[in-house]
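# Analysis of the macromolecular model
The primary structure of each chain is shown beneath.
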Amino acid sequence: MRVGVLHPGAMGATVASNCTGEVVWCSAERSAATIERARTAGLIAVPTLGELVESSEMIVSVCPPGSATTVADDVADLGFDGIYVDANAIAPDAARSIAERFERFVDGGIVGPPATRPGSTRLYLSGDEPATTRTVADQWAGSLLDARPIDGGPGAASALKMAYAMWTKVSSSMLLTVRAIAAAEGVDGALLAEWDISQPGTAERSELTAAMTAPKAWRFVGEMEQIASTLAANGLPSGFGDAAADLYSRMSEFRDRPDVTLADVLDRIERP
């Protein structure tokens with residue numbers, strides 16, 4: 001199967017490189033970093049989105065959450081009649097809305113880091129037609145990306161992604177906020193002493209969370225907004241997602257920096 005991938009960022013490049021089919025991508029208006037990732041992954045460049053749509057039997061969208069609907073609309077407007085896979089971190093209602101644009105649609109949710117080692121990353125898939133969902137999963141059979149169909153139509157895979165990301169990324173934002181408020185009130189030392197008694201390892205976890213989260217925080221803002229939307233749509237308090245989006249937005253200046261410390265993060269997030 002010939003598969004088009006939009007667009008090979010850090011995650012999308014590994015989704016593409018692990019695909020067993022022939023993978024094409026659209027190089028128009030892409031950055032030098034994206035072009036290099038695509039070249040390293042062995043992807044075939046086409047100059048326009050129209051050519052990608054015309055030549056692909058399946059298209060996989062892996063883009064920032066805020067762009068997911070626009071990317072899908074652009075593909076649908078070009079008359080794509082193959083299988084469209086939205087693998088973005090979006091709310092279930094957003095996935096279901098995108099599904100209405102395509103005759104064959106599969107919802108996807110990626111859990112884990114870019115797929116560069118076995119067992120690290122799963123692509124959950126859901127759709128109205130089990131055979132189509134299975135066809136999509138088969139494109140990654142035997143690869144480092146574990147593609148897993150789950151029950152439920154469009155929106156199910158996205159709902160799973162939202163629930164999982166709320167636990168991992170929202171809880172990380174809460175941990176950093178705890179350190180920030182303790183520092184602001186001058187009780188950081190007392191908090192660490194109490195953690196040593198009742199929550200051993202939490203201090204170290206907060207330091208690791210700052211170092212690992214800060215370089216990627218800019219990517220999390222849209223995802224947290226989608227979590228807030230998911231919560232609100234189900235009558236649940238959306239403030240968890242809104243607060244996490246605010247915190248990660250404050251950390252966006254650390255984009256791609258490998259040397260960020262907890263002190264750097266606390267200094268930044270204490271400033272609106």
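A quick note: this is a predicted structure, and the numbers were derived from the prediction, not measured.

## Overview of the environment of V71
Residue placement: V71 occurs in helix α4 (residues 68-77). A relative accessible area of 11% means that V71 is categorised as buried. Sequence spacing of V71 and Y84 is 13 residues, and the spatial spacing of their C-alpha atoms is 11 Å. Discounting chain neighbours no more than four positions away, the residues touching V71 are L6, S61, C63 and Y84.

## Here we look at a negative patch on the surface
Taken together, the side chains of E51, E54, D81 and E103 define an acidic patch exposed on the protein surface. One can find E54 in helix α3 (residues 49-55). Under the relative-accessibility criterion, E54 is labelled exposed at 68%.

## Regarding the pairing of strand β5 (residues 83-86)
Neither face of β5 is exposed, since I83 and V85 on one face and Y84 and D86 on the opposite face are all buried. Here strand β4 (residues 58-61) pairs with β5 via 4 bridges, running parallel. In the strand pairing of β5, S61 is matched with D86. As for the winding sense of the linkage, the β-α-β connection from β4 through α4 to β5 is right-handed. Sheet topology note: the β5/strand β6 (residues 104-111) ladder contains 4 bridges and is parallel.

## Examining the pattern of salt bridges
As enumerated under the stated definition, the model contains 15 salt bridges in all. Of the charged contacts, one joins D246 and R250 as a salt bridge, the two residues approaching to 3.1 Å between their closest N and O atoms. Linking D246 with R250, this pair stays in helix α11 (residues 239-250), spanning 4 residues, or about one helical turn.

## Some points on unusual backbone geometry
With omega at 0 degrees, the peptide bond leading from L6 into H7 counts as cis. Here H7 lies in the loop between β1 (2-6) and α1 (10-17). A positive phi angle, near 60 degrees, is found at E29, a position not held by glycine. Inspection of the secondary structure assignment puts E29 in the loop between β2 (22-26) and α2 (32-40). A positive phi angle is found at D256, which is not glycine, with a value near 60 degrees. By the element assignment, D256 lies in the loop between α11 and α12 (262-269).

Reading guide: rules and limits
- Residues numbered from 1 in each chain as written.
- Predicted model: local features only at pLDDT ≥ 70, side-chain atom pairs only at ≥ 80, totals over all residues.
- Heavy atoms only, no water.
- Helix = DSSP H or I, 4+ residues; strand = E, 2+ residues; numbered from the N terminus.
- Buried < 20%, exposed > 50% of the residue type's maximum accessible area, 1.4 Å probe, protein only.
- Contact = heavy atoms within 4.5 Å.
- Patch = residues over 30% accessible without salt bridge, like charges linked within 9 Å, V, L, I, M, F, W, Y side chains within 5 Å.
- Areas by Shrake-Rupley, 256 points an atom, 1.4 Å probe, with all protein chains shown as cover.
- Salt bridge = Lys/Arg side-chain N within 4 Å of Asp/Glu carboxyl O.
- Lys, Arg positive; Asp, Glu negative; His and termini not counted.
- Charge placed at Lys NZ, Arg CZ, Asp CG, Glu CD.
- Pairing = 2+ DSSP bridges.
- Right-handed = clockwise from strand over helix to strand, strands pointing away.

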